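Coordinate inspection notes
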Amino acid sequence: MNTKMIEGLVGAQTNMELLNTPFRVYKEAQLKGDTATMERAMGYVHDFSGQAEEYRAKADEGTKQDAEDAREKEQAEREGAIQKRREEREELARKIEERRNEDKQTDTVEISGEGRALEENARAEGTDRKGADTDDRPETEPRAAEPPVWYTKIGETSLPEQETHLSVSV
């Protein structure tokens, strides 16, 4: 409730109660047949009813303003809730992206020119990077494939995510 509404309701009620006195005077003057007093009393009744009507209009205006304020407040709360949800979604998306990046961070190794030269010399001599002689192995024996190694931020090794392939035949 705002001040206009309260002022309008109190003013209208007070003027309606004040109507009772001149109306009672009007009835007494009517019984006596005093038309001048009747006209004067009806003038007061008319004045008080006019004031009551003005206060009623003020109360209506206060009611409309109160409803408009409530709508604006509700709209502001709604926009605040929407903004909060939007920020929560962005925060969640950022956290998910951080987790994905955390799991997939890799280190790159760049071999210098000297390292390449050593590797070429080792191949030319018939040994692999580990110093083992490659000529001892028969050609029919397949070379064991080593899975790639991934390192986390802490330096621990972790296995890469394995992709699953499903095939459905109908």
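This text gives an overview of the structure that appears in the document. Model, not experiment: these values are computed from the prediction. (Residues numbered from 1 in each chain as written. Predicted model: local features only at pLDDT ≥ 70, side-chain atom pairs only at ≥ 80, totals over all residues. Heavy atoms only, no water.)

1. Looking at a nonpolar patch on the surface
Operational definition: Patch membership needs two things, relative accessible area over 30% and no salt bridge, and members are linked within 9 Å if like-charged or within 5 Å if nonpolar (Val, Leu, Ile, Met, Phe, Trp, Tyr). Areas reported here follow the Shrake-Rupley algorithm with a probe of radius 1.4 Å; residue values treat only the protein chains shown as occluding. Only one rule defines a salt bridge in this text: a Lys or Arg side-chain nitrogen within 4 Å of an Asp or Glu carboxyl oxygen. Under the DSSP-based scheme used, a helix requires at least four consecutive residues in state H or I and a strand at least two consecutive residues in state E, with every element numbered from the N terminus. Type-normalised accessible area, obtained with a 1.4 Å probe on protein chains alone, sets the label of each residue: buried when under 20%, exposed when over 50%, and partly exposed for intermediate values.
Taken together, Met-1, Ile-6, Leu-9 and Val-10 make up a surface patch of nonpolar side chains, about 410 Å² in accessible area. Within the secondary structure, Ile-6 is located in helix H1 (residues 3–32). The exposure class assigned to Ile-6 is partly exposed, which follows from its relative accessible area of 42%.

2. Here's the deal with H1
We apply this condition: Expected span, for any helix, means 1.5 Å times one less than how many residues it has.
The end-to-end C-alpha distance of H1, which contains 30 residues, comes to 44 Å, matching closely the 44 Å that a straight helix rising 1.5 Å per residue would cover. Among the residues making up H1, those that are buried are Met-5, Gly-8, Gly-11, Ala-12, Asn-15, Leu-19, Pro-22, Tyr-26 and Ala-29. One or two steps after H1, the chain reaches Gly-33, where phi turns positive at roughly 85°.

3. Description of the pattern of salt bridges
Counted under the stated rule, the structure contains eight salt bridges. Two residues, Lys-4 and Glu-61, come together in a salt bridge whose shortest N-O distance is 2.6 Å. Of this pair, Lys-4 sits in helix H1 while Glu-61 sits in helix H2 (residues 35–104), placing them 57 residues apart in sequence. Judged by its relative accessible area of 32%, Lys-4 falls in the partly exposed class. With its nearest N and O atoms 3.2 Å apart, the salt bridge here joins Glu-119 to Arg-123. You can see Glu-119 and its partner Arg-123 sitting in helix H3 (residues 113–125), four residues apart, about one turn around the helix. Judged by relative accessible area, Glu-119 falls into the partly exposed class, the value being 23%. Exposure remark for Arg-123: the relative accessible area of 60% places this residue in the exposed category. Overlapping salt bridges, with partners in common, bring together Glu-53, Arg-56 and Asp-60 in one network.

4. Details of the side chain of Thr-37
Our working definition: Polar contacts, as counted here, are pairs of nitrogen or oxygen atoms within 3.5 Å of one another; within protein the pair requires one atom able to donate a hydrogen and one able to accept it, and residues that are adjacent in sequence qualify only if both atoms are side-chain atoms. The contact criterion used is simple: two residues touch if any of their non-hydrogen atoms lie within 4.5 Å.
Considering the arrangement of structural elements, one finds Thr-37 in helix H2. Among the polar contacts made by the side chain of Thr-37, one reaches the side chain of Asp-34 at a distance of 2.3 Å. In this structure, Thr-37 is in contact with Val-25 and Ala-29, ignoring residues within four places of it in sequence.

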